[in-house]
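What the coordinates show
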Amino acid sequence: MSNLYPKGTAVVSALRTSEYSDHLVPNDPYGSHFIGVMNILFPSGERGFIRVLGQARYLVKDVELQHRIDDFVHQEAQHARAHSVVAQQSSFCGKHTTRATNITEALVRIMFGGKNTKSRSLLIFRVAIVAAIEHLTAEMGRWAFEDARFAELECDPVLAELITWHCAEEVIHRSVAFDALVNIAPRWHRAARSVAMLMWMPVFFATWIMCAQALLWDDKTVSKRLLTPARVHRSSRSGAMPSIPMLVKRMAPFFRKSFHPDSVVSPETDAVCVAYLEISVLRDDKHEERKDQDRHDLETKDLQPLTLAE
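Computed from a predicted model, the values in this text were never measured in an experiment.

1. Re the overall build of the chain
Scanning the chain from terminus to terminus reveals 13 helices and zero strands. In sequence order, the secondary structure elements of the chain are arranged as α-α-α-α-α-α-α-α-α-α-α-α-α. Here the chain, with 310 residues, has 57% of them falling under the buried criterion. Within the chain, contacts between residues at least 6 apart in sequence are counted, and of these 87% link residues at least 24 apart. If you sum the accessible surface of the chain, you get close to 14100 Å²; carbon and sulfur atoms cover 56% of it.

2. Considerations on the packing of aromatic side chains
Applying the stated criterion across every chain yields a total of 11 aromatic pairs. Between F49 and F112, the aromatic rings sit 5.7 Å apart at their centres with planes inclined by 85°, giving edge-to-face as the arrangement. On the criterion of sequence distance, the pair formed by F49 in helix α3 (residues 38-56) and F112 in helix α5 (residues 95-112) is long-range, its members being 63 residues apart. Of the two residues, F49 and F112, neither departs from the other in class, the shared state being buried. These aromatic residues form a ring-pair network of at least three members: F34, F42, F204, F205 and W208. Over the ring of Y276 we find K7, and its NZ or CZ is 4.6 Å from the ring centre.

3. Some thoughts on the side chain of E46
Checked against the element boundaries, E46 lands in helix α3. Buried charge without a salt bridge: E46, with R47 as the nearest opposite-charge side chain at an N-O distance of 7.8 Å. Within polar-contact distance, the side chain of E46 engages the side chain of H166 at 3.3 Å. If sequence neighbours within four positions are ignored, E46 has contacts with E76, H79, A80, H166 and E170.

4. As for the packing of helix α1 (residues 6-17) against helix α4 (residues 63-89)
Two elements in contact, α1 and α4, have axes separated by 10 Å at closest approach and are oriented at 15°. It follows from the interaxial angle that α1 and α4 lie roughly parallel. As for the relative orientation of α1 and α4, their crossing is left-handed in sense. In this structure, α1 contributes G8, T9, V12, L15 and R16 to the contact, and α4 contributes Q78, R81, A82, V85, V86 and Q89. Its residues assigned to classes, the contact of α1 with α4 shows five nonpolar, four polar and two charged.

5. Points about the nonpolar core
Counting 92 residues, the largest nonpolar core has L15 and W208 as its most contacted members. Excluding residues within four positions of it along the chain, L15 makes contact with Y20, A82, V85, V86, Q89, V158 and L162.

6. Structural notes on helix α10 (residues 229-238)
Taken residue by residue, α10 has R231, V232, S235 and S236 as its buried positions. Projected down its long axis, α10 shows its buried positions confined to an angular sector of 130°, all on one face. The exposed residues of α10 that point more than 90 degrees off its buried face are P229, R234 and R237. In this structure, the buried residues of α10 make contact with α2 (29-36) and α11 (244-249). Directly beyond the C-terminal end of α10, a positive phi value near 90° is found at G239.

7. Quick look at the pattern of salt bridges
Inspection of every chain in the model, using the stated rule, returns eight salt bridges. Residue K7 is joined to E161 by a salt bridge in which the shortest nitrogen-to-oxygen separation is 3.6 Å. Of this pair, K7 sits in helix α1 while E161 is found in helix α7 (residues 157-172), placing the two residues 154 residues apart along the sequence. Here K7 falls in the buried class, since its relative accessible area comes to 14%. The exposure class of E161 is partly exposed, given its relative accessible area of 31%. Salt-bridge contacts for R142 lead to E139; the nearest nitrogen and oxygen are separated by 3.4 Å. Here R142 pairs with E139, and both are found in helix α6 (residues 120-146), just three residues apart, close to one helical turn.

8. Observations concerning α7
Given a rise of 1.5 Å per residue, 16 residues ought to cover 22 Å, and the 22 Å separating the end C-alpha atoms of α7 matches this to within 8%. Burial runs high along α7: 13 of the 16 residues are buried. The N-cap residue of α7 is D156: its side-chain oxygen and the backbone nitrogen of V158 are 3.1 Å apart.

9. Details of the environment of V37
If you trace the backbone, V37 turns up in the loop between α2 and α3. In this structure the C-alpha to C-alpha distance between V37 and W208, which are 171 residues apart in sequence, comes to 6.6 Å. Every residue in contact with V37, bar those within four places of it in the chain, is listed here: F42, W208, C211, A212 and L215.

Analysis parameters
All residue numbers refer to position in the chain's written sequence, counted from 1. Only residues with pLDDT of at least 70 are given local features in this predicted model, and only at 80 or more are side-chain atom pairs given and counted; all residues enter the totals for whole chains, interfaces and linings. Hydrogens and water are ignored here; the side-chain numbers use all heavy atoms of the structure. For the purposes of this entry, the term helix denotes a DSSP run of H or I that reaches at least four residues, the term strand denotes a run of E that reaches at least two, and both are numbered from the N terminus. The buried label applies to any residue whose accessible area, calculated with a 1.4 Å probe on protein chains only, is under 20% of its type's maximum; exposed applies above 50%, and partly exposed to all values in between. In this description, contact between two residues means that some pair of their heavy atoms is separated by no more than 4.5 Å. Note on areas: these come from Shrake-Rupley sampling with a 1.4 Å probe, and a residue is covered only by the protein chains present in the view. Only the six-membered ring of Trp is used, alongside the rings of Phe and Tyr, when aromatic pairs are assigned; centres must lie within 6.5 Å, and planes under 30 degrees apart are stacked while those over 60 apart are edge-to-face, with the rest tilted. Consider the ring centre and the ring normal. A charge sits over the ring if Lys NZ or Arg CZ is within 6 Å of that centre and within 35 degrees of that normal. A residue counts as positive if it is Lys or Arg and as negative if it is Asp or Glu; His and the chain ends are not included. In the sections that follow, a salt bridge refers to a side-chain nitrogen of Lys or Arg positioned within 4 Å of a carboxyl oxygen of Asp or Glu. In protein, a polar contact requires one atom able to donate a hydrogen and another able to accept it; more generally it is a pair of N or O atoms within 3.5 Å, and residues adjacent in sequence count only if both atoms are side-chain atoms. Where helices are involved, their axes are fitted lines through C-alpha atoms of the stretch in contact, as for all axes, and angles between N-to-C directions lie from 0 to 180°. The cut-offs work like this: below 35 degrees is roughly parallel, past 145 is roughly antiparallel, 65 to 115 is roughly perpendicular, and the gaps in between are oblique. Left-handed is the label given to a crossing in which the near helix is rotated counterclockwise from the far helix by less than a right angle, and right-handed is the label when the rotation is clockwise. Basically, the charged four are Asp, Glu, Lys and Arg, the nonpolar ten are Ala, Val, Leu, Ile, Met, Phe, Trp, Tyr, Cys and Pro, and anything else, Gly included, counts as polar. What we call a nonpolar core is a set of buried Ala, Val, Leu, Ile, Met, Phe, Trp, Tyr and Cys residues that are connected through their side-chain atoms within 4.5 Å. Directions pointing from the helix axis toward each C-beta atom define the arc. Under the convention used throughout, the expected extent of a helix is 1.5 Å for every residue step, that is, one less than its residue count.

Shown next, in the form of structure tokens:
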């Protein structure tokens, strides 16, 4: 195999060469911008994930789990690259979106720091934060393949492919951070992940809503720009975005002693995601080259913090 991740490569290429709308869902700016938050929130967060899991890899003793972390790093780098392309090309990234992006960057620095830590305890807690967020994104991936209605809503095909691809990979690698946490902190991983979820999930949801509102304020094509609960509810019922109460409810199993991310998604949904991504179980000699390239990409333009025009 010359490419272990053909779907991601195709999606990033399409984003750079194709034309697409600023709105994922026609005539629904609220659902579109709620999902569009991924383009301004995820690149900085995924850079943090890569740094934290990349450092934690050296504490992991399981060789197979090390390989899964390598794949996770590659996938997160592709996600950050793809969403950065969309954010940079958006036609309505104004002062509100710039402010929201700056706040997001600051929160990521608080969560994951600006550089690697020498403290094992702090690193373990950072891995726990990644595991908590990955649980949420896995649930979003589950929604995308079980309840989203992108085709029925005639969503922009390029943006719909971006979201579907990203969600599929979130489903596939949903247990990597969790398993890394259990491996490096077998005695107190439950306490670490529970504290991480309680501490950071409210902040995560608040940041998401803040970013969605910022996108709406900067969207001059929308007359009514307030993201009200009623508008969010209508968009979620239509299948344009996941239900926030549903996502909050699905956080509860994460606190159980017996919880494992494998239980989050059905085998049928797993199989659909694998088929969609065209994943091969084979690894080739170029895998290490691609892993090194992804780490190098963290210093490239595509993965630098976004600078949006006033």
